[in-house]
Amino acid sequence: MKILFKNNTKYTKNVYQKFLQFHQQKYGNKYTFTTSLTIILLFFCIITNIKYSNYFTALILIFALIGFCFYSFFYPVKKVKKELKTEKFEKEKVFTFCFYDNFFTISDKIFFDKIKYWKLYRVYETDQFFYLYINKDHAFLLDKSTFVKGNINNFSKFLRRKIWFRFF
């Protein structure tokens, strides 16, 4: 198979911070709305159960509310801190992305993976990066300035043709 595009992106903490800012901008409002709506619903259920003297159910709902708030507010922060301590950011690994006609590969000195384009959740293009989301929380980061083979305009057209309605 012939390599159509090749990119070598260095994963640094600065690159990850830019991704987090982008991710927050794209998905932050939806997350905040969903979280707020769930908290309001749980409060309503707690108040209703207290009003009808179902104290045991109200207590269970209070624990559920506390658990949900912990999960919604503290778990994402813990997850980001854990990700920043991984080897790819600590050692600033360089990942090589090779794009072929029907799939692309990701590799470093140890890791190798092959992904078909239809498996991508969404693709976003910014001034500095392409973000190839594999699900709603995880993405591959491609620095536009580090293309070894092919140019950015042709790559963008290529992805639009492969991804159709999931390219933004």
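Worth saying up front: this structure is predicted, and the values here are computed from it rather than measured.

## Some thoughts on the sheet that holds strand S5 (residues 122-125)
Part 1 of the argument: Taken together, 3 strands build an open sheet; the order of strands is S5-S6-S7 and the sheet is antiparallel. The strands lining the two open edges of the sheet, one partner per strand, are S5 and strand S7 (139-143). In this sheet, neighbouring strand axes are inclined to one another by 15 degrees on average, regardless of whether the strands run parallel or antiparallel.
Part 2 of the argument: Of the strands in this sheet, S5, strand S6 (129-133) and S7 are in contact with helix H1 (residues 13-51), which crosses S6 at around 65 degrees.

## Points about the pairing of S7
Part 1 of the argument: Most of S7 sits out of view: 5 of its 5 residues are buried.
Part 2 of the argument: In S7, alternate side chains face the same way, and those of Ala139, Leu141 and Asp143 on one face and Phe140 and Leu142 on the other are all buried.
Part 3 of the argument: In terms of strand pairing, S6 meets S7 through 5 bridges, oriented antiparallel. Looking at the pairing, tyrosine 131 lines up with leucine 141 of S7.
Part 4 of the argument: What sits between the antiparallel neighbours S6 and S7 is a turn of 5 residues.

## So, the pattern of salt bridges
Part 1 of the argument: On inspection of all chains with the given rule, the structure shows 8 salt bridges.
Part 2 of the argument: Here glutamate 90 and lysine 13 are joined by a salt bridge, their closest N and O atoms 3.3 Å apart. You can see glutamate 90 sitting in helix H4 (residues 87-90) and its partner lysine 13 sitting in helix H1, a full 77 residues away along the chain.
Part 3 of the argument: Between glutamate 125 and arginine 160 there is a salt bridge whose closest N-O contact spans 3.8 Å. Of this pair, glutamate 125 sits in strand S5 while arginine 160 sits in helix H5 (residues 152-163), placing them 35 residues apart in sequence.
Part 4 of the argument: Look at arginine 160 and you get partly exposed, because its relative accessible area is 42%.
Part 5 of the argument: Here the salt bridges do not stand alone but share partners, grouping Glu87, Lys91, Lys93 and Asp108 into one network.

## As for the nonpolar core
Part 1 of the argument: Counting 34 residues, the largest nonpolar core has Phe99, Phe104, Leu132, Phe140 and Leu142 as the members making the most contacts within it.
Part 2 of the argument: Broken down by secondary-structure element, the contributors of at least two residues to this core are H1, strand S2 (94-99), strand S3 (103-107), S5, S6, S7 and H5.
Part 3 of the argument: Not counting residues within four places of it along the chain, the set of residues in contact with phenylalanine 104 comprises Cys98, Phe99, Asp113, Lys114, Ile115, Tyr117, Leu120, Leu132 and Phe140.
Part 4 of the argument: In this structure, Ile39, Ile46, Leu61 and Leu65 belong to the second largest nonpolar core, which totals 5 residues.

## What about unusual backbone geometry?
Part 1 of the argument: With a phi angle near 60 degrees, serine 53 is a residue other than glycine that sits in the positive phi range.
Part 2 of the argument: With respect to the secondary-structure elements, serine 53 resides in the loop between H1 and helix H2 (55-73).
Part 3 of the argument: Overall, serine 53 belongs to the partly exposed group, its relative accessible area being 45%.
Part 4 of the argument: Here glutamate 92, not a glycine, exhibits a phi torsion of approximately 50 degrees, which is positive.
Part 5 of the argument: Here glutamate 92 is to be found in the loop between H4 and S2.
Part 6 of the argument: Residue classification places glutamate 92 among the partly exposed residues on the basis of a relative accessible area of 35%.

The rules behind each value
Residues numbered from 1 in each chain as written. Predicted model: local features only at pLDDT ≥ 70, side-chain atom pairs only at ≥ 80, totals over all residues. Heavy atoms only, no water. Pairing = 2+ DSSP bridges. Helix = DSSP H or I, 4+ residues; strand = E, 2+ residues; numbered from the N terminus. Axes fitted to C-alpha atoms, helices over the stretch in contact; angles between N-to-C directions. Contact = heavy atoms within 4.5 Å. Buried < 20%, exposed > 50% of the residue type's maximum accessible area, 1.4 Å probe, protein only. Salt bridge = Lys/Arg side-chain N within 4 Å of Asp/Glu carboxyl O. Core = buried A, V, L, I, M, F, W, Y, C linked by side-chain atoms within 4.5 Å.

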